[in-house]
Amino acid sequence: GGLLYTGIAAHITKGKEPWTLPTPIGSNPQPKTDSTATKPAKDFQPIKYPAPDGILTFDLLTNLQRSGTYHEDDQPSHLRIKADVAKVPENISLQVYAAPESRFCPAGVYEYVEEKLVINAQNCIHCKCCSIKMPQEYINWTVPEGGGGPQYQVM
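Here the structure is a predicted model, which means the values were calculated and not measured.

Quick notes on the rules
Residues numbered from 1 in each chain as written. Predicted model: local features only at pLDDT ≥ 70, side-chain atom pairs only at ≥ 80, totals over all residues. Heavy atoms only, no water. Helix = DSSP H or I, 4+ residues; strand = E, 2+ residues; numbered from the N terminus. Buried < 20%, exposed > 50% of the residue type's maximum accessible area, 1.4 Å probe, protein only. Contact = heavy atoms within 4.5 Å. Areas by Shrake-Rupley, 256 points an atom, 1.4 Å probe, with all protein chains shown as cover. pLDDT = per-residue confidence, 0-100. Salt bridge = Lys/Arg side-chain N within 4 Å of Asp/Glu carboxyl O. Pairing = 2+ DSSP bridges. Arc of directions from axis to C-beta.

Details of the overall build of the protein
And then number 1: Secondary structure assignment for the protein yields five helices and six strands.
And then number 2: Seen in sequence order, the protein has helices and strands lined up from the N terminus as α-β-β-α-β-α-α-β-β-α-β.
And then number 3: Across the 155 residues in the protein, those meeting the buried criterion constitute 28%.
And then number 4: Within the protein, counting contacts between residues at least 6 apart in sequence, those at least 24 apart form 62% of the total.
And then number 5: Approximately 10,900 Å² of the protein is accessible, and the part contributed by carbon and sulfur atoms is 59%.

Looking at the confidence of the model for the protein
And then number 1: Per-residue confidence for the protein gives a mean pLDDT of 82, with 85% of residues at or over 70.
And then number 2: Helix H3 (residues 88–97) holds the highest mean pLDDT among the elements of the protein, 95, whereas strand E1 (residues 23–24) holds the lowest, 58.

Structural notes on the pattern of salt bridges
And then number 1: Taken as a whole, this structure holds two salt bridges when the rule is applied.
And then number 2: For Asp34, the salt bridge identified is with Lys133, shortest N-O distance 3.7 Å. Taken together, the positions of Asp34 in the loop between strand E2 (31–32) and helix H2 (60–67) and Lys133 in helix H5 (residues 129–133) put the pair 99 residues apart, joining distant regions of the chain.
And then number 3: On the basis of relative accessibility, which here comes to 33%, the residue Asp34 falls in the partly exposed class.
And then number 4: When the shortest N-O distance is used, the salt bridge between Asp43 and Lys42 registers 3.3 Å.
And then number 5: A relative accessible area of 45% means that Asp43 is categorised as partly exposed.

Some thoughts on the pairing of strand E4 (residues 110–113)
And then number 1: The alternating pattern of E4 places Tyr110 and Tyr112 on a buried face and Glu111 and Val113 on a face that is not buried.
And then number 2: Two elements, E4 and strand E5 (residues 116–119), share four bridges in a ladder whose sense is antiparallel. Of the residues in E5, the one forming a bridge with Tyr112 is Leu117.

What to know about H3
And then number 1: When H3 is considered as a whole, its buried residues turn out to be Val88, Pro89, Glu90, Ser93 and Tyr97. Buried residues of H3 fall within an arc of 165° about the axis and therefore sit on the same side.
And then number 2: Packing partners of the buried residues in H3 comprise strand E3 (79–81), helix H4 (101–104), E4 and E5.
And then number 3: Downstream of H3 by a residue or two, Ala98 has a phi angle that is positive, lying close to 60°.

This is the structure in structure tokens:
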């Protein structure tokens, strides 16, 4: 089954398969995507996480180094904002949801500098969280050139 699915995903749908399958949430019978299930930041208290201890938890740079993440310096970004929702990062994600992408991305790819989104695609570990969780799914995740990305050694 997995090999057949991989063949379909690679050769027929060309990576455009629906990774986020709509599912009903709670008592609402209408299906929702993960991105529509995100609630506004005003409904929550900020979480203060402890600093990395170097034993069980580690800082971002250590984790990236361990993943072996590598992208060519001159390759085009494989993370692009969709043209039809280009204003979502600054107008909706930052203002309504307090920039969740800057917190849920395990590689720290997304950050806001002076209220403008900066995408550090060279850090991407290809988890694809951004393509399913961001408000209005505004990121178009494409496969990077030349096999770039994480090079996990012990998997």
